[in-house]
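As a plain string of letters, each chain reads:
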Amino acid sequence: MEYILIFITAIFVNNIVLSQFLGICPFLGVSKKVETAVGMGMAVTFVLVLSTIVTFVVQKFVLDPAGLGYLQTIAFILVIAALVQMVEIILKKVSPALYQALGVFLPLITTNCCVLGVAILVIQKDFDLLTGIVYAFSTALGFALALIVFAGIREQLSLVKIPKGMQGMSIALVTAGLLAMAFMGFSGVDKGLSALFGLN
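Figured I'd write up the structure that's included with this text. (Residues numbered from 1 in each chain as written. Predicted model: local features only at pLDDT ≥ 70, side-chain atom pairs only at ≥ 80, totals over all residues. Heavy atoms only, no water.)

### Focus: the overall build of the protein chain
- If you tally the helices and strands in the protein chain, you get nine helices and zero strands.
- In sequence order, the protein chain lays out its α and β elements as α-α-α-α-α-α-α-α-α.
- Taken over the C-alpha trace, the protein chain has a radius of gyration of 18 Å; the compact-globule value for 200 residues is 16 Å, and the two agree within 12%.
- Structurally, the protein chain occupies a C-alpha span of about 60 × 45 × 30 Å along its principal axes.
- A burial count over the protein chain gives 44% of its 200 residues as buried. (Helix = DSSP H or I, 4+ residues; strand = E, 2+ residues; numbered from the N terminus. Rg over C-alpha atoms; globule rule 2.2 N^0.38 Å. Buried < 20%, exposed > 50% of the residue type's maximum accessible area, 1.4 Å probe, protein only.)

### Some thoughts on the state of the cysteines
- Scanning all chains against the criterion turns up zero disulfides.
- Cys-25 forms no disulfide, and the closest cysteine sulfur to it belongs to Cys-113, at a distance of 8.6 Å.
- Judged by its relative accessible area of 47%, Cys-25 is partly exposed.
- Given a relative accessible area of 36%, Cys-113 falls into the partly exposed group. (Disulfide = S-S within 2.5 Å.)

### Re the nonpolar core
- Ranked by size, the top nonpolar core spans 52 residues in total, and within it Leu-18, Phe-27, Phe-76, Ile-109 and Tyr-135 carry the most contacts.
- Listing elements by their share of this core, those giving two or more residues are helix H1 (2-13), helix H2 (24-29), helix H3 (34-66), helix H4 (72-94), helix H5 (96-102), helix H6 (113-124), helix H7 (129-157) and helix H8 (169-183). (Core = buried A, V, L, I, M, F, W, Y, C linked by side-chain atoms within 4.5 Å.)

### Comments concerning the environment of Phe-76
- Structurally, Phe-76 is set in helix H4.
- With a relative accessible area of 0%, Phe-76 lands in the buried category.
- Through-space distance from the C-alpha of Phe-76 to that of Leu-5 is 27 Å; in sequence the pair is 71 residues apart.

### Overview of the pattern of salt bridges
- Throughout the structure, instances matching the rule amount to one salt bridge.
- A salt bridge links Asp-126 to Lys-60, with the nearest nitrogen and oxygen atoms 3.9 Å apart. Linking Asp-126 in the loop between H6 and H7 with Lys-60 in helix H3, this pair joins segments that are 66 residues apart in sequence.
- A residue is classified by how much of its surface remains accessible, and Lys-60, at 29% relative accessible area, is partly exposed. (Salt bridge = Lys/Arg side-chain N within 4 Å of Asp/Glu carboxyl O.)

### Side note on the side chain of Gln-59
- You can see Gln-59 is positioned in helix H3.
- Judged by relative accessible area, which is 4%, Gln-59 ranks as buried.
- A distance of 3.1 Å separates polar atoms of two side chains, one belonging to Gln-59 and the other to Gln-72.
- Sequence-distant contacts of Gln-59, defined by excluding residues within four places in its chain, comprise Asp-64, Pro-65, Gln-72, Phe-76 and Ile-123. (Polar contact = N/O pair within 3.5 Å; in protein donor to acceptor, adjacent residues only side chain to side chain. Contact = heavy atoms within 4.5 Å.)

### Brief notes about the environment of Met-42
- The topology assignment puts Met-42 in helix H3.
- By relative accessible area, Met-42 is classed as exposed at 55%.
- It is 9.9 Å that separates the C-alpha atoms of Met-42 and Phe-143, two residues lying 101 residues apart in sequence.

### Section: H4
- The terminal C-alpha atoms of H4 lie 33 Å apart, and with 23 residues this matches the ideal 33 Å at 1.5 Å per residue to within 8%.
- Within H4, burial applies to Gln-72, Ala-75, Phe-76, Val-79, Ile-80, Leu-83, Val-84, Val-87, Glu-88 and Leu-91. (Expected span 1.5 Å × (residues − 1).)

In structure tokens form, the structure reads like this:
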């Protein structure tokens, strides 16, 4: 039941983009087409889960025993950068069309604070490995959901006549704000579920 609570909370209540404001760069940059948004969501999900596993192992079995906890951020960035390179090589061979569609935004996963943020949050929240994986996967799904919904809205906006001063990034930021307000409607759901199932 605890995993279901983490799943629902990470996707809707504490959405990594709309509530915690991490990963804004790809959220705004890759959200012009739904197809590209889906590809980016899948790539981020894969990197996020894999990086959480690897960074957890690095933290618990390398940094903590050696008393090198202060190197956490640098170590995590290096791990994430290596994983993104791996994803880039795999995508280039498996799906060249998706690789071309993502373009410059695929290397941006390296500097996507969402990936680094989740890896650090798993350690800060003192999750075990399985809970950390569930949290990372749920957070990635929340990121993908926000990205795809936002991309769908932006595709519809391209068909509508928008005042000249609001075209481009202006209307995108207003839309993102309204989407964040819509997700605020889920606040309190986690507490309600905790009370319902007797979880603290």
